[in-house]
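Working through the structure, step by step
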Amino acid sequence: IGIAMGITGTDVSKEAAAMVLTDDNFASIVAAVEEGRAIFQNIRKYLIFLLSANAGEVLIMLIAGLVGIPLPLVAIHLLWINLTTDGLPALALSGDPHDPDIMEQPPRAPNSSIFSRQMLITIGVISVVMTVTMLPMFIWKLTSNGSSWLNPENPIIPEAQTMVLGTMALFELFLSFACRSEIHGFFRLGIFSNKWLIFANLSSLALLLGVMYMPALQGPFHVVTLGWDDWKLMIPISISGFVAVEVLKFFFRRKAKTAKA
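Note that the structure is predicted; figures quoted are calculated from it, not measured. (Residues numbered from 1 in each chain as written. Predicted model: local features only at pLDDT ≥ 70, side-chain atom pairs only at ≥ 80, totals over all residues. Heavy atoms only, no water.)

1. Quick notes on the nonpolar core
In a soluble, globular protein the nonpolar side chains are often hidden away together inside. In plain terms, the rule: For the purposes of this section, nonpolar cores are sets of buried Ala, Val, Leu, Ile, Met, Phe, Trp, Tyr and Cys residues that join through side-chain atoms within 4.5 Å. Each residue's exposure class comes from its accessible area (1.4 Å probe, protein chains only) as a fraction of the maximum for that residue type: buried when under 20%, exposed when over 50%, partly exposed otherwise. Helical segments are the DSSP runs of H or I of at least four residues, strand segments are the runs of E of at least two, and each set is numbered from the N terminus. Two residues form a contact once any of their heavy atoms are found within 4.5 Å.
Counting residues in hydrophobic clusters, the biggest one holds 53 residues, and the most contacted among them are Phe-49, Leu-73, Met-134, Leu-165, Met-168, Phe-171 and Leu-175. Elements with a contribution of two residues or more to this core: α2 (27-67), α3 (75-93), α4 (117-143), α5 (157-178), α7 (195-213) and α9 (228-260). It is α5 that contributes the most residues to this core, 13 residues altogether. Leaving out residues up to four positions away in the same chain, Phe-171 has contacts with Ile-126, Val-129, Met-130, Met-134, Ile-237, Ser-238, Ser-240 and Gly-241.

If you want it as structure tokens, here you go:
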């Protein structure tokens, strides 16, 4: 493309050029490419996190409706997750620092889709992991008092729904850290390199615990107090999405190295 200097260039050259350097510095082109790649990369992080989490929520509710079991979440729970657990970490991801080797990656085709095959695999795996871990947990809780898991009058339903709400919220908070890169491991990027994400996750966690354990909020949000025995099951399930993505990225890195060789 034609490039003109913004300070010393003539008006004719600026009109004819496809790009005008306002500071007359060719190094600005490299900085602009890096910034553009970082923005595009963060859009993909944002989409992976939001679409995988929402796809998992849809799958869980859809399967529960088809099977005929009580709904794992009520409307206020879904609204709460979308506003606090999805929203705050997603905003923090939109300003995440880019991968350290972003300028070493090959350029993408101008007509390529924002949804790569690798990205779609990641979204699919996360949504499946969320579904196959949380639905069995919900059914197990429904039957823990000896009642049928199809019984719509089961008195333990609010407790089971609270477990799904808490597990899903934690699942997505852990997942946000794994979504910071499509290929690099979590520790390669630095634990504290995105302080806004840490702040967003801590804020979302504090709001969740406040709703679950403040008696004045339990009624409006249809939740009940959970014991430590419930959390001992919820926490490992919450980490499963993070682990699945990190394992996926390991295989993506190996595939990339093989392709280069």
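Picking up where we left off.
2. Comments concerning the environment of Lys-45
Locating Lys-45 in the fold gives a position in helix α2. Sequence-wise, Lys-45 and Glu-182 are 137 residues apart; in three dimensions their C-alpha atoms are separated by 7.4 Å. If sequence neighbours within four positions are ignored, Lys-45 has contacts with Leu-93, Asp-96, Pro-97, Cys-179, Arg-180 and Ser-181.

3. Details of the side chain of His-77
Within the fold, His-77 resides in helix α3. Overall, the relative accessible area of 1% leaves His-77 in the buried class. Setting aside chain neighbours within four positions, we find His-77 in contact with Gln-161, Leu-165, Phe-221, His-222 and Val-223.

4. Re the side chain of Thr-84
Following the sequence through the fold, Thr-84 ends up in helix α3. Those residues in contact with Thr-84, other than ones at most four positions away along the chain, are Pro-89, Ser-204 and Leu-207.

5. As for the layout of surface pockets
Put simply, the rule reads: Grid points spaced at 1 Å and placed over the protein atoms alone form the basis of the search, with a cavity being a set where a 1.4 Å probe fits but cannot get out and a pocket an open set showing protein on both sides within 12 Å along at least five of seven lines. Lining residues have an atom within 4 Å of a point. Grid points are joined across faces, edges and corners, and a volume is the space filled by probe spheres set on the points.
Considering only enclosed or pocket space, the largest pocket measures out at about 1,200 Å³ in volume. Arg-44, Gln-105, Pro-106, Gln-118 and Ile-183 are the residues nearest the centre of the largest pocket, which is lined by 32 residues in total. Sorting the residues of the lining of the largest pocket by element identifies α2, α4 and α9 as the ones contributing at least two each.

6. Overview of the pattern of salt bridges
Basically, it comes down to this: Salt bridge, as used here, is a side-chain nitrogen of Lys or Arg placed within 4 Å of a carboxyl oxygen of Asp or Glu.
As enumerated under the stated definition, the model contains seven salt bridges in all. One salt bridge in this structure joins Asp-96 and Lys-45, with 2.7 Å as the shortest N-O distance. Of this pair, Asp-96 sits in the loop between α3 and α4 while Lys-45 sits in helix α2, placing them 51 residues apart in sequence. Lys-45 carries the same exposure label as Asp-96, and that label is buried.

7. A look at empty space enclosed by the protein
Where we set the bar: Nonpolar residues are Ala, Val, Leu, Ile, Met, Phe, Trp, Tyr, Cys and Pro. Charged residues are Asp, Glu, Lys and Arg, and all others, Gly as well, are polar.
Taken as a whole and assessed by the stated rule, the structure comprises one cavity of 30 Å³ or more. In this structure, the largest cavity spans a volume of roughly 50 Å³. Class assignment of the residues belonging to the lining of the largest cavity gives a composition of four nonpolar, two polar and two charged.

8. Notes on α7
In an α-helix, one turn spans 3.6 residues, which is why side chains three or four residues apart end up on the same side. In plain terms, the rule: Residue count minus one, scaled by 1.5 Å, sets the expected span of a helix.
A rise of 1.5 Å per residue sets the reference length of α7, with its 19 residues, at 27 Å; its end C-alpha atoms lie 27 Å apart and thus fit the reference within 8%. Inspection of α7 places Leu-197, Ala-200, Asn-201, Ser-204, Leu-208, Gly-210, Val-211 and Met-212 among the buried residues, and these make up the whole buried set.

9. Some remarks on the packing of α4 against α5
This is how it is decided: Between N-to-C directions, angles span 0 to 180 degrees; the directions come from axes that are lines fitted to C-alpha atoms, helices contributing only their stretch in contact. Here the word oblique covers every angle except those under 35 degrees (roughly parallel), over 145 (roughly antiparallel) and from 65 to 115 (roughly perpendicular). Rotating anticlockwise by less than a right angle from the far helix to the near helix defines a left-handed crossing, while the corresponding clockwise rotation defines a right-handed one.
One way to put it is that α4 packs onto α5 with a least axis distance of 9 Å and a crossing angle of 155°. One way to sum up the angle between α4 and α5 is to call them roughly antiparallel. For the element pair α4 and α5, the recorded crossing hand is right-handed. Along its contact with α4, which presents Ile-126, Val-129, Met-130, Met-134, Met-137, Phe-138, Trp-140, Lys-141 and Leu-142, the element α5 presents Ile-157, Glu-159, Ala-160, Gln-161, Met-163, Val-164, Thr-167, Met-168, Phe-171, Glu-172 and Leu-175.

10. Brief notes about the packing of aromatic side chains
Here is the rule we go by: Pairing of aromatic rings covers Phe, Tyr and the six-membered ring of Trp, with a centre-to-centre limit of 6.5 Å; geometry is then stacked below 30 degrees between planes, edge-to-face above 60, and tilted otherwise.
The tally for this structure, following the rule as stated, stands at six aromatic pairs. Plain terms: the ring middles of Phe-186 and Phe-187 are 5.0 Å apart, the flat faces sit at 65° to each other, and that makes the pair edge-to-face. On the accessibility criterion, Phe-187 (64% relative accessible area) is exposed. Relative to Phe-199, the ring of Trp-196 lies with its centre 6.2 Å away and its plane at 85°, an arrangement referred to as edge-to-face. Of this pair, Trp-196 and Phe-199 are both found in helix α7, three residues apart, which corresponds to roughly one turn of the helix. By relative accessible area, which is 66% here, Trp-196 ends up exposed. Overall, the relative accessible area of 52% leaves Phe-199 in the exposed class. Chaining the aromatic ring pairs together yields one cluster made of Phe-177, Phe-186, Phe-187 and Phe-242.

The values reported here are purely geometric and, on their own, carry no functional implication.
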